[in-house]
Amino acid sequence: MHLYLGQNPRTLYLVTSAHEEKQGCPHKALIFRVAETASQVVVEFLPADEVSLSSAVRVTNRVVKGSLGLISVENDIFLAVVTTATEVGNTRLSQSTPERVARIHEVQFFCLTSSAWDDFSSSQETLATYDAADTLMSRETFPSTPSPPVFEHPCMPLTKILSSGSFYYTLDPCWDISSRLSVRLKRGDSTQYDVGIFDDRFIWNEYVVKSLLDFREKLDPGERKDLDRCQFIILAIQGYVGVFTMALPAPPVSGAPAIVTLSLISRLGRKRAGTRFNTRGVDDDGNTANFVETETLLSTDQHCMSYTQVRGSVPLFWEQQGIQTFGQRIQITRPHTSQPAFERHFAQLIDEYGAVHAINLLGSKENEATLTAAYANHLNRARNLWSDQLGITHYDFHYAVKTAGHDSIIRDIERLKSVNDRMERFGYTLADASTGELITEQGGVFRTNCLDCLDRTNFVQDILSRQALEQYLRVVHLEWIHSGSLWTHHRELWAENGDALSRIYAGTGALNTSYTRSGKRTLAGVLSDATKSVSRAYINNFQDKGKQVAIDMFLGNLSNQAQVNIFDPVHDTVRRALEERVSEYSTTRWCHLFVGTWNVNGRPPSESLQPWLFPRDGAPDMFVLGFQEIVLLNPQQIVQTDPEKKRVWELKLMEAINGRPQKSSDYVLLRSEQLVGAALFVVVKSELTAVIRNVEGASKKTGLRGMSGNKGGTGVRLDYYDTSFCFITAHLAAGHSNVSERNADFQTIEKGLHFLKGKSIASHDNVVWLADTNYRIDLDNDSVRSLAERGDFDPLIAVDQLKQAIDDREAFAGYEEGPLLFPPTYKYDVGTNNYDTSDKMRIPAWTDRILFKGKLDLAVYSRAELKGSDHRPVFGLFRTQVRIIDAVKKAALSRLLLETVLAAAPGEKLDDKIASLVLPNETLDLPLPSTDESCWWEKLDTHDGRLVISPAYVETPPSNPFDSSGSSPLSSPSSSDEELYSRAADPSRPPAPMSPTPLNSRGISHTDYL
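Residues numbered from 1 in each chain as written. Predicted model: local features only at pLDDT ≥ 70, side-chain atom pairs only at ≥ 80, totals over all residues. Heavy atoms only, no water.

**Topic: the confidence of the model for the chain**
1) Next: On average, residues of the chain score 83 in pLDDT, and 80% of them are at 70 or above.
2) Next: Long-range and interchain partners of residues 122-146, a stretch whose pLDDT sits below 50, account for 46 contacts in this model, where long-range means more than four residues apart.
3) Next: This stretch, residues 987-1010, has a pLDDT under 50; its non-local contacts, to residues over four places away or in other chains, come to 60 contacts. (pLDDT = per-residue confidence, 0-100. Contact = heavy atoms within 4.5 Å.)

Now the structure itself:
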């Protein structure tokens, strides 16, 4: 197909070529132009003969393979098209309908909204008119390199990723590359394959192509079939696909050799995608970093054999922050709250694959041993849920290589009883090549991991793949089990697979691939591995952050992204109505917060913290505690901070919170962060860990112009149900007169502290700063002390530097603070109630402050009289309502609104009709409730001594979607409006939300803390 550009209005045309039409493709055009509404595009699918292209120009001399979708970047809308791809091979040669795969080599982005990014200089052929287009050669041409543009194209980071050679798509519209063989065969006849059905875990352009898929769904069946035949829409996976076709000896009954195809397909998951040091562990939805499903396929004229295994990061909350060298520093960020996400991960695997057996290859080094211990503990607790469906084998790969070499790994894996037993039990998938019927289906998977899930994991998965093939060959083709050609190709596929997945995640090829290819360790291989290790360290520390942003942009993970929608006035109306009626599909509950800040002057805890943490009776849902100067701010601590001081305070806090007499709840540490002397702790009720999600930490240095952490801020963000919170503790610039420096520090932290997926401080529903702001009082020392001792605070507040900065909008603009009804908190002689009597005689000041914005009600703002530091701790008691969105109700309301809009008569006032919409309230004619004198079952008829119960009493009543049942979830992951609309338009496909345990069943206390 070819891509053309028209003007007035600016329009892009994808038009099938004469070459494609000769192969049976209909002569069609897919047309794109911008709608008047922001982030919306008008799309049309028309016969090419009905489209006037006489004034259009061809914008690329490449033969376009198809479109990946539409994306909005920097307020412009771009169409992504594949311009160069090569065929990898046919994964099932014996199949009547081919299953060919192509590898993408080049993707280009063409702007729909502006001509600023038009670049036709690469070839004179680019400007060919439509009439001359089909006279050009259909083969790929590679023009000379154009001169570099003055400004980089805004989609250049996306182009680099998509043109890296790691993306694949199908050349035939009749099969789904995202799903393994057994899943595809269960769907039935491949000729009836629906392009809109795929495994969304592995389709990487799902975010940018979703609007086109929605457009496709609204076409008539005939038009939809034509659109699929034209292959205007491409669904791409990332990972690796390799295909080898070979001739193997035939059985004695036949003299002709058998043609066999050996394929390997690795599908990289997109739901927790990213680079090595930026994406580790699990998220709250159970998705793990570097999750890959790898399928080995052996296709003959009789059978097609498939064997699937998976890999993925250790499913705990862990990270690697800062510069990482060859000694990996690992931080388990939520050690006490990982179990719900851990169980979600394995629940998804068991639901998808059946039984799961984990093979953990981590070693005995300190950091890896810590992960292994936590992994084992979590899995032991999860075994109670799944019994023999879940198991684990720990195998120290590095120790085995160190003691006996790589050959010992193969022997050891083959001898491990836990692995061998599962290998026999899980089996493999086998299908009849001629009919496509399933003969056997694989009953479980091995989930293999090391630290990165690259080198060691690939080595072991290669062994498991070979064992599965041998298992099949012993039954069907015993004569091939010693075929040198088969195993040579098998080793080559796995070596290439290891390199491909490693380049995606770590930036270099895999280690150990020289052994995988040749079966022996060589000096050249050792030197190659050393070079790769050094390259990885540089790439992962200094280049991957930009790549991570590009990945998140392509996947739609950035918080400020707007998805491009197809212009659709009906669904736009429904969307607006849905937003206005949020109260009808959501509920709220009160959340009580204790927020405290304390500069501890580098001193260890020396007194009970309970007078500070429990100023009132009751138990808050969450403690948010910020400390400053938990270590002395000397050069040694600034260069290499001692984490032990943070652990000491952590233990003291948990002891005080959980050691309180007559406590009503247990608490766990949800997350802690440290930036030199600043530390932030978030402690929550243990029963709330299942409904607090997406917990992240980040820091921003402001000392020495951003290079030193002696000053700066650290933050933690989280989602409590469907309401987001951000907490920041900071230590701003010191010095009485350094007001402008403090203002600059605030602006640096406020604008520069970012969390994953582009989230900033301002993008949250509720934000709380708890900090040593270091703002002082602009009054002479004697007057300040005298007024403070008398409790006359108004004159002091009038000259408070922070209040003035807020009034002048130089810092904390838009934030609120409670009334200052307590004496200045700085600076005291330690252990006394006396303000500073040292030679410096510091002027007392309210340096320790709590400021907030959002929908927070402040009930108490005060200080505690702890004397273990030269500051007094400050605290605030807050309450707020958190929103709980019921996805079932939201989808049902969406369906009802859609039906109302579609049923509107011409000229009818739609807004009034929607506003007057009455929700259905279906009830059954049930008997009156029983009493001590009368029971409803006494009035039932009897037959042969048995009660006859009306079907109305026992049949499942037609459910009202607006009345949650007892098992209805209180929260579920947010669904996009488009997804809800597609569900609403298809009543046969009811939504299936996640179902966390309802709060009441976990015994959550509803004590009113405030």
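**Concerning the packing of aromatic side chains**
1) Next: Inspection of the entire model under this criterion finds 29 aromatic pairs.
2) Next: On the basis of an interplanar angle of 85° and a centroid distance of 5.9 Å, the ring pair of tyrosine 428 and tyrosine 472 is categorised as edge-to-face. Here tyrosine 472 lies in helix H12 (residues 455-476) and tyrosine 428 lies in the loop between helix H11 (417-426) and strand S18 (429-432), a separation of 44 residues in the sequence. Accessibility classification places tyrosine 428 together with tyrosine 472 in one group, the buried group.
3) Next: Each ring, one from phenylalanine 627 and one from phenylalanine 681, has its centre 5.8 Å from the other, and the planes form 80°; the classification is edge-to-face. Note that phenylalanine 627 is positioned in strand S23 (residues 622-628) and phenylalanine 681 in strand S25 (residues 678-685), a separation of 54 residues in sequence.
4) Next: Taken together, the aromatic side chains of Phe594, Trp598, Trp612, Phe614, Phe623, Phe627, Trp649, Tyr667, Phe681 and Phe875 make up a single cluster linked through ring pairs.
5) Next: Arginine 334 extends its terminal NZ or CZ atom over the ring of phenylalanine 317, reaching a point 3.7 Å from the ring centre.
6) Next: Above the face of the tyrosine 775 ring, arginine 742 is positioned so that its terminal group lies 5.4 Å from the ring centre. (Phe/Tyr/Trp six-rings, centres within 6.5 Å; stacked < 30°, edge-to-face > 60°. Helix = DSSP H or I, 4+ residues; strand = E, 2+ residues; numbered from the N terminus. Buried < 20%, exposed > 50% of the residue type's maximum accessible area, 1.4 Å probe, protein only. Lys NZ or Arg CZ within 6 Å of the ring centre and 35° of its normal.)

**Details of the packing of H12 against helix H13 (residues 484-506)**
Any two packed helices are characterised by the angle at which their axes cross and by the distance between the axes.
1) Next: For the pair H12 and H13, interaxial distance at closest approach is 10 Å and the crossing angle is 150°. With respect to their mutual orientation, H12 and H13 come out roughly antiparallel. Of the two elements, H12 crosses H13, and the hand of that crossing is right-handed. Along the contact surface, H12 presents Asp455, Asn458, Gln461, Asp462, Ser465, Arg466, Leu469, Glu470 and Leu473, while H13 presents Leu486, Trp487, His490, Arg491, Trp494, Asn497, Gly498 and Ser502.
2) Next: A per-class count over the contact of H12 with H13 returns five nonpolar, seven polar and five charged. (Axes fitted to C-alpha atoms, helices over the stretch in contact; angles between N-to-C directions. Parallel < 35°, antiparallel > 145°, perpendicular 65-115°, else oblique. Left-handed = near helix turned anticlockwise from the far one by under 90°. Nonpolar A, V, L, I, M, F, W, Y, C, P; charged D, E, K, R; others polar.)

**Focus: the sheet that holds strand S22 (residues 586-599)**
1) Next: In spatial order, the strands read S24-S25-S23-S22-S33-S32; together these six strands make up an open sheet with mixed pairing. Looking at strand neighbours, the two that pair on one side only are strand S24 (667-675) and strand S32 (857-863), the edges of this open sheet. Mean inter-strand twist for the sheet, computed between neighbouring axes without regard to direction, equals 20°.
2) Next: In this structure, S24 lies alongside S25, joined through eight bridges in antiparallel fashion. Looking across to S25, one finds that tyrosine 667 is bridged to lysine 685.
3) Next: Relative to S24, helix H20 (residues 644-658) is tilted by about 155°, and along the sheet it contacts S22, S23, S24 and S25. (Pairing = 2+ DSSP bridges.)

**Considering a negative patch on the surface**
1) Next: A grouping of Glu579, Glu580, Asp911 and Asp912 is seen on the molecular surface, where their side chains present a negatively charged patch.
2) Next: At the level of secondary structure, the elements contributing two or more residues to the negative patch comprise helix H17 (569-580) and helix H26 (910-915).
3) Next: Relative to the elements of secondary structure, aspartate 911 occurs in helix H26. (Patch = residues over 30% accessible without salt bridge, like charges linked within 9 Å, V, L, I, M, F, W, Y side chains within 5 Å. Areas by Shrake-Rupley, 256 points an atom, 1.4 Å probe, with all protein chains shown as cover. Salt bridge = Lys/Arg side-chain N within 4 Å of Asp/Glu carboxyl O. Lys, Arg positive; Asp, Glu negative; His and termini not counted. Charge placed at Lys NZ, Arg CZ, Asp CG, Glu CD.)

**Regarding the environment of aspartate 199**
1) Next: As for its position among the elements, aspartate 199 is in the loop between helix H4 (181-186) and helix H5 (206-217).
2) Next: Taking the relative accessible area as the measure of exposure, aspartate 199 reaches 12% and is therefore buried.
3) Next: When the C-alpha atoms of aspartate 199 and glycine 269 are compared, they prove to be 10.0 Å apart, with 70 residues separating the residues in sequence.
4) Next: Apart from residues lying up to four places away in sequence, aspartate 199 is in contact with Asp176, Ser178, Ser179 and Glu352.

**Some words on the packing of helix H9 (residues 397-404) against helix H10 (residues 407-415)**
1) Next: Two elements in contact, H9 and H10, have axes separated by 8 Å at closest approach and are oriented at 125°. In terms of orientation, H9 and H10 fall into the oblique class. The handedness of the crossing between H9 and H10 is right-handed. Counted together, Phe397, Ala400, Val401 and Ala404 of H9 and Ser408, Ile409 and Asp412 of H10 form the full contact between these two elements.

**Considering the environment of tyrosine 307**
1) Next: Following the sequence through the fold, tyrosine 307 ends up in strand S13 (residues 303-311).
2) Next: Judged by relative accessible area, tyrosine 307 falls into the buried class, the value being 1%.
3) Next: Expressed as a C-alpha distance, the spacing of tyrosine 307 and glutamate 441, which sit 134 residues apart in the sequence, is 9.4 Å.
4) Next: The residues contacting tyrosine 307, other than those within four sequence positions of it, are Thr294, Glu295, Thr296, Met423, Gly427, Tyr428, Gln442, Phe446, Leu464, Ser465 and Ala468.

**Examining the pairing of strand S2 (residues 11-15)**
1) Next: With five of its five residues buried, S2 lies for the most part within the structure.
2) Next: Residues Thr11, Tyr13 and Val15 line one face of S2 and the alternating positions Leu12 and Leu14 line the opposite face, and both faces are buried.
3) Next: Pairing of strand S1 (residues 2-6) with S2 involves five bridges; the strand directions are antiparallel. Bridging from a neighbouring strand, leucine 5 pairs with leucine 12 of S2.
4) Next: Turn length for the S1-S2 hairpin, with the two strands adjacent in sequence and antiparallel, is four residues, and the turn residue asparagine 8 shows positive phi of about 55°.
5) Next: Bridging between S2 and strand S3 (residues 28-34) involves five bridges; their strand directions are antiparallel.

**What about the side chain of threonine 597?**
1) Next: With respect to the secondary-structure elements, threonine 597 resides in strand S22.
2) Next: Note on threonine 597: relative accessible area 0%, which makes it buried.
3) Next: At 3.1 Å, the side chain of threonine 597 and the side chain of glutamine 628 are in polar contact.
4) Next: With residues near it in sequence (within four places) discarded, threonine 597 still touches Trp612, Gly626, Gln628, Leu770, Ala771, Asp772, Asp848, Arg849, Ile850, Pro873 and Val874. (Polar contact = N/O pair within 3.5 Å; in protein donor to acceptor, adjacent residues only side chain to side chain.)

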